[in-house]
Amino acid sequence: MSGAGEGTAAMSESMPPFPPAAREALGDAQLRANLARATHTIRDKRDRVVAELPDWEELREAGRAIKADVLAHLDSYLLQFEQAVTAAGGHVHWAPDAAAANQVVLDVARAHQVDEVVKVKSLTTDEIGLNAALEAGGVHAVETDFAELILQLDGDWSSHILVPAIHRNRTEIRDLFRRTIADPSVSDDPRELAEASRRYLRERFLTARMAVSGANFAVADTGTVCVVESEGNGRMCTTLPPVLVTILGIEKLVPTFSDLEVFLQLLPRSSTGERMNPYTSLWTGVTPGDGPQEFHVVLLDAGRTRVLADEVGRQALHCIRCSACLNVCPVYSRTGGHAYGSVYPGPIGAILTPQLIGIENAPTLPFASSLCGACYEVCPVMINIPEVLLHLRAKAVESGAKPGERLAMNAAGWIFNGRRRFAAAVRLGRLGQRPLIRRGRIVRLPPPLDSWTRSRDLRPLSGESFRDWWARRR
Amino acid sequence: MRVALFITCIGDTVTPEVGRSTVAVLERLGHEVVFPAQQTCCGQMHLNSGYRAEAGRLGARFLEAFDGYEVIVSPSSSCVGTMRECYPQLHGRLFELSELLVGELGVTDVGASFPHRVVYHPTCHSLRVTNVGEAPYALLRAVGGLELVELEAERECCGFGGTFALKNADTSTAMVIDKCAAIVASGASVVTAVDSSCLLQIGGRLSREGAGVRAMHLAEILAQTASG
């Protein structure tokens, strides 16, 4: 989600409803083809490398248990982390919301009279709309992840947690590069495209005086911050510029250094389908003469403590942003991420976004699922996504269901709650459906039920119900 | 064994042949089937749509209707799984049909004959909530004359999802179109499953496409015999 704010999904206001956005995405044949190919490729790779580990289920359980412990004692782990970072020469800032976090970054940039910062790919900074906030303050943020760069150059925004430009193919990228950073002879050969971006970015890395990153993990007892990535741009950002600011969602802590062992197995296998990611950067405060000489950590709440207060919903904070749930999701793999209107798309987005910004601002997202459960099956930290979806659906209904729907549901509840009423309703339904039946099928129904019959025939109520048959048979 | 039949609301009103077939199979195997008449709907639709209070009332009604019955069977894996999740006391008492036959009664050959090419769609809830495992496959393989063919991407959802099929009709349709394409490509003349709800979605789309493939519940196939 780059660019200067246009078309972005910084999570500060209400989300557009999912169904119409999904309809638009489903109508885009190129998008459908790109998505199907990309999600199925990653899905297969993940399945292969997960199958290699005999203790995968134990690892998942360990990941879940560590995250649950962190959330249960978050207050003390955060203070421990602050103390460790400070002792190692870093500065810790507490940001209750997006605006406060963005202000810290802007203040650091201004203190160093910097007007350009390089960035490591970070969902958390997308969530708080950092790029737009910096731009408004006269500081340009350069995305250095290949896919993020593509999106930034085109004023587009991410549609996948891990592969943000999953909705783009290489021909589209070649045309974009020809218009922006490469010379017109560049082909759609991935090597040439990568080389073009490398030349462009190398200059940025070498001249940048400040970098901004998110974090995958942070260790409470040592103050260590961890970023995992594939391209090496993160390593460049966290080692070359003299000033580094990390935005850290407060749920990203792990208690001890050795806990990383669990997550550094779970994350790459679940996300890219690799045994190990190419780059794992770990740093603790500042080291004189080596790497950034000024280091800031911004501890970001932005709705997280509210999520934490919800006993069922809090498991969404276990998420390590692997995106396995996106790739297996039958909804996501057809609609793509933009339909969710949020930085966090797919099944995890459907449970995280409404909790972070309030269910009233994203009431359709918990319904953007057939409850097939494929997400829960692959989640490396065992987030029971279907359970949280149901929990949030109930909240959405409580916060204001459509009056027509509530009426229909109440009526159905009343009918089902008495066997005579039920039988009478079935008799009435049989009469009502009579003019609609053509050759044993209902092919057209009035709204809102036409949303079924527009694409599917419907079997009518049977002329004799099971219970009538049973009674007759006695 | 005396078995109480949980017919489900859809099974009672839209697909009664599935219930009749369930009765036929169990009686053929020498079991007694009873039908507690107070039952209506288990409340899954309300639960999945966010109407918890209504779902709770219907769930309580379900428990009351089946109070005292030691073994309950239903031809709907989805309703069985949901009820077991909501009411753990139903574990060991409430079974989906294939679970009961294979897991509890130890039968795979129910004496059925169905000389057709059949493809099995493992529904999401049967796979991941009710966990019926291999039971439906074992039953189908033992049916006389039946040729069981493979379904490409069989674990992928058909797009039903209860009110999802209405609320997100476009996405649901995109899913069922892909499912039906895989079914047609399998070369089967019949697609079967252990959930009538998913079969309404798949069958409704096959019918709209004029695909010439029939959607039949597993119980219907198991009820067919060589003598007809």
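The numbers attached to residues start from 1 for each chain and follow its sequence in the written order. For naming, the first written chain is A and the first written ligand is 1, with later ones following in the order written. Predicted model: local features are reported for residues with pLDDT of at least 70 only, side-chain atom pairs are reported and counted for 80 or more only, and whole-chain, interface and lining totals are derived from all residues.

**What to know about the overall build of chain B**
Numbering goes from the N terminus for both helices and strands, where a helix is a DSSP run of H or I of at least four residues and a strand is a run of E of at least two. Regarding its fold elements, chain B presents 12 helices and eight strands. The C-alpha radius of gyration computed for chain B amounts to 17 Å, which stays within 12% of the reference 17 Å derived for 228 residues, consistent with globular compactness. Principal-axis analysis of the C-alpha atoms places the extent of chain B at approximately 45 × 45 × 25 Å. Across the 228 residues of chain B, 60% fall into the buried class. The contacts of chain B with a sequence gap of at least 6 include a subset with a gap of at least 24, amounting to 75%. Computation of the radius of gyration draws on C-alpha atoms, with the globule rule given as 2.2 Å multiplied by the number of residues to the power 0.38. Burial in this document is a count-based property: other C-beta atoms within 10 Å of a residue's C-beta are tallied, and the residue is buried at 20 or more, exposed at 12 or fewer, or partly exposed in between, with C-beta positions derived from the backbone. By the convention adopted here, residues are in contact when the distance between their C-beta atoms, placed from the backbone, does not exceed 7 Å.

**Some words on the sheet that holds strand β1 (residues 2-5) of chain B**
Note: strands within a sheet are paired through backbone hydrogen bonds, in either parallel or antiparallel orientation. All names here are of chain B. When DSSP locates at least two bridges between a pair of strands, those strands are taken to pair. With parallel pairing, the four strands of this open sheet are ordered in space as β2-β1-β3-β4. Every interior strand has two partners, whereas the edge strands, β2 (32-34) and β4 (94-96), have only one. Averaged over all pairs of adjacent strands, the angle between their axes in this sheet comes to 35 degrees, without regard to strand direction. Here strand β3 (residues 72-74) pairs with β4 via three bridges, running parallel. In the sheet register, isoleucine 72 faces β4, and the bridge partner there is leucine 94. Simply put, an axis is a line fit to the C-alpha atoms, just over the touching stretch for a helix, and the angle between two N-to-C directions goes from 0 to 180 degrees. Packed on one face of the sheet, helix α2 (residues 16-28) meets β1 and β2 and runs near 175 degrees to β1. This element, helix α6 (residues 97-104), spans β3 and β4 of the sheet and lies at about 100 degrees to β4.

**A few points about the nonpolar core**
A set of buried residues drawn from Ala, Val, Leu, Ile, Met, Phe, Trp, Tyr and Cys, joined through C-beta atoms within 7 Å, is what defines a nonpolar core. By size, the foremost hydrophobic cluster in this structure holds 206 residues, and its most contacted members are Val117(A), Leu300(A), Cys325(A) and Ile385(A). Take this core: its biggest share by element is eight residues, from helix α18 (residues 385-398) of chain A.

**Re the pairing of strand β7 (residues 190-193) of chain B**
Residues and elements named next belong to chain B. Alignment of strand β5 (residues 117-120) against β7, held across three bridges, turns out to be parallel. Residue tyrosine 120 lies in a different strand from β7, and its bridge partner there is threonine 192. The pairing of β7 with strand β8 (residues 214-217) spans four bridges and is parallel. Residue pairing in the sheet places alanine 193 in a bridge with histidine 217 of β8. Clockwise travel from the first strand over the helix to the second, with the strands pointing away from the viewer, marks a crossover as right-handed. Where the polypeptide runs from β7 across helix α11 (residues 196-209) and back to β8, its parallel neighbour, the crossover connection is right-handed.

**Concerning helix α5 (residues 98-111) of chain A**
A rise of 1.5 Å per residue sets the reference length of α5(A), with its 14 residues, at 20 Å; its end C-alpha atoms lie 20 Å apart and thus fit the reference within 8%. Contacts from the buried residues of α5(A) go to β1 (91-95), β2 (116-119), α7 (130-136), β4 (210-213), β7 (243-249) and β10 (294-300) of chain A. An expected span of 1.5 Å times one less than the residue number is assigned to each helix.

**What to know about the interface of chain B and chain A**
Counting residues at the interface gives 51 residues for chain B, matched by 47 residues for chain A. Where the side of chain B that touches chain A is concerned, the elements lending two or more residues are α1 (9-13), α2, α3 (44-49), α4 (52-65), α7 (124-128), α9 (164-167), α10 (169-185) and α11 of chain B. Among the elements that make up the side of chain B that touches chain A, the one with the highest residue count is α10(B) (seven residues).

**Concerning the confidence of the model for chain B**
The predicted model of chain B has a mean per-residue pLDDT of 97, with 100% of residues at 70 or higher. For this predicted complex, the interface confidence comes out at an ipTM of 0.97, alongside a pTM of 0.95. pLDDT is a residue-level measure of predictor confidence that goes from 0 to 100.

**Considering the pairing of β5(B)**
With three bridges joining them, β5(B) and strand β6 (residues 147-149) of chain B adopt parallel strand pairing. Bridge pairing links Arg117(B) to Glu147(B) in β6(B).

**Side note on the domain arrangement of chain B**
Residue and element names in this part refer to chain B. Domain limits in this description derive from either an automatic procedure or a database domain assignment. Each assigned domain of chain B is listed here: domain 1 (2-104) and domain 2 (117-223). Each side of the interface is counted separately: domain 1 has 27 residues, and domain 2 has 22 residues. Elements with a minimum of two residues in the side of domain 1 that touches domain 2: α1, α2, α3, α5 (77-86) and α6. Put simply, Ala, Val, Leu, Ile, Met, Phe, Trp, Tyr, Cys and Pro go in the nonpolar bin, Asp, Glu, Lys and Arg in the charged bin, and everything else, Gly too, in the polar bin. Looking at the side of domain 1 that touches domain 2, its residues break down into 10 nonpolar, 13 polar and four charged.

**Remarks on the confidence of the model for chain A**
Across chain A, pLDDT averages 94, with 97% of residues at or above 70. Note on residues 1-9 of chain A: pLDDT is under 50 here. Beyond four places in sequence and across chains, it has 29 contacts.

**Re the packing of helix α3 (residues 56-72) of chain A against helix α12 (residues 260-271) of chain A**
Residue and element names in this part refer to chain A. Direction vectors running N to C along α3 and α12 enclose 120 degrees, while the axes themselves pass 10 Å from each other. One element, α3, and the other, α12, form an angle in the oblique class. In this structure, α3 crosses over α12, and the sense of that crossing is left-handed. Across the interface between the two elements, Leu59, Ala62, Gly63 and Ile66 from α3 touch Val262, Phe263, Gln265 and Leu266 from α12. Within the contact of α3 with α12, the residues separate by chemical class into six nonpolar, two polar and no charged. Angular relationships are summarised with four words: roughly parallel below 35 degrees, roughly antiparallel beyond 145, roughly perpendicular across 65 to 115, and oblique for the angles in between. We call a crossing left-handed when the near helix sits turned anticlockwise from the far one by less than a right angle, and right-handed when that turn is clockwise.

**Looking at the sheet that holds β7(A)**
Residue and element names in this part refer to chain A. Judged by pairing direction, the sheet is parallel, and its six strands sit side by side in the order β1-β10-β7-β4-β2-β3 without closing on themselves. Unpaired on one side and paired on the other, β1 and β3 (140-143) mark the two borders of the sheet. Across this sheet, the average inter-strand angle for adjacent strands is 25 degrees, counted without regard to direction. Pairing of β1 with β10, which is carried by five bridges, proceeds in the parallel orientation. Looking across to β10, one finds that alanine 95 is bridged to leucine 300.

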